[in-house]
Amino acid sequence: MDDAKISRGRLILVCGASGSGKSSLAEALGEAIGCANILHQDNYFLKPFLSYKERVDDSFEGPAHVDWPRLRRDVREALEKSDKSIVEGHLVAADEESAYAAARCDQWLRQCDNASLVVLLRCPPELCKTRRLQRRPREVAEAQELSDYIDRFVLPAFLKYGQPALDALEESCRESSTSVLTFDAAITTVAEQLEILRLAMGDVT
């Protein structure tokens, strides 16, 4: 990939449901373009950790539990120090309390020096669940707890918060002529996604 094709201050957002492969793609893309600044939404949780069986609502899955001011600050600082940064997460498109507003989604494009590329990973809920359960070996009891938690809170919360935000962000990008690529994560591998990104990166400068 031609590194020179990405100008200074450029931001890439990688968005999708939990289990869609966004973390893997962000890491692979960062390695491919020499980007050491990869910010993961999961590192900005506000709530202390609770086991899956202790969680009684979707507060761990909604946008209100993410420290958005700190994440945006870190993005700005990263872009000041380096020529490009990647932000990935299942709620990156939502930001703060208004997951449904296109204006809120567009806030990322305005406050982060304008994202040069937005990557959206679409993936069927059941496949996302399977991938999350298979991320690492688990004891039977833990796997069942996680499976129940995904069914009760993760998938419904994504449909409530994440999916509307992704749809609004995609529409906002197209209206503002921001480069946006949407992948069907059920039928494309990370390697295939990278190859398509390789061809598209020249259009985001």
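Parameters and conventions
Residues numbered from 1 in each chain as written. Predicted model: local features only at pLDDT ≥ 70, side-chain atom pairs only at ≥ 80, totals over all residues. Heavy atoms only, no water. Axes fitted to C-alpha atoms, helices over the stretch in contact; angles between N-to-C directions. Helix = DSSP H or I, 4+ residues; strand = E, 2+ residues; numbered from the N terminus. Parallel < 35°, antiparallel > 145°, perpendicular 65-115°, else oblique. Left-handed = near helix turned anticlockwise from the far one by under 90°. Contact = heavy atoms within 4.5 Å. 1 Å grid on protein atoms, 1.4 Å probe; cavity = no way out; pocket = protein on both sides within 12 Å on 5 of 7 lines; lining within 4 Å. Points joined across faces, edges and corners; volume = space filled by probe spheres on them. Nonpolar A, V, L, I, M, F, W, Y, C, P; charged D, E, K, R; others polar. Buried < 20%, exposed > 50% of the residue type's maximum accessible area, 1.4 Å probe, protein only.

- The protein is annotated in an unreviewed UniProt entry as Phosphoribulokinase/uridine kinase domain-containing protein of Cladocopium goreaui.

A closer look at the packing of helix H1 (residues 22–33) against helix H6 (residues 190–200)
Line of reasoning, step 1. Put simply, H1 and H6 touch, their axes get as near as 10 Å, and they point 50 degrees apart. One way to sum up the angle between H1 and H6 is to call them oblique. Here H1 runs over H6; the crossing is right-handed. Taking contact as the criterion, the partners of Ser-24, Leu-25, Ala-28, Leu-29 and Ala-32 in H1 are, on H6, Val-190, Gln-193, Leu-194 and Leu-197.

A few points about the layout of surface pockets
Line of reasoning, step 1. Here the largest pocket defines a volume of roughly 580 Å³.
Line of reasoning, step 2. Lining of the largest pocket is provided by 26 residues; of these, Ser-18, Gly-19, Asp-42, Arg-132 and Arg-135 occupy positions nearest its centre.
Line of reasoning, step 3. Where the lining of the largest pocket is concerned, the elements lending two or more residues are H1, strand E3 (84–89) and helix H4 (125–133).
Line of reasoning, step 4. A per-element tally of the lining of the largest pocket places H1 first, with three residues.
Line of reasoning, step 5. Its residues placed into classes, the lining of the largest pocket shows five nonpolar, ten polar and eleven charged.
Line of reasoning, step 6. When its volume is computed, the second largest pocket comes out at roughly 240 Å³.
Line of reasoning, step 7. If you go around the second largest pocket, you meet 21 residues; those closest to its centre are Ala-17, Cys-123, Cys-128, Leu-155 and Phe-158.

Concerning the environment of Cys-128
Line of reasoning, step 1. Its location among the elements puts Cys-128 in helix H4.
Line of reasoning, step 2. Residue classification places Cys-128 among the buried positions, given a relative accessible area of 3%.
Line of reasoning, step 3. Remark: the alpha-carbon pair of Cys-128 and Ile-150, spanning 22 residues in sequence, is separated by 9.7 Å.

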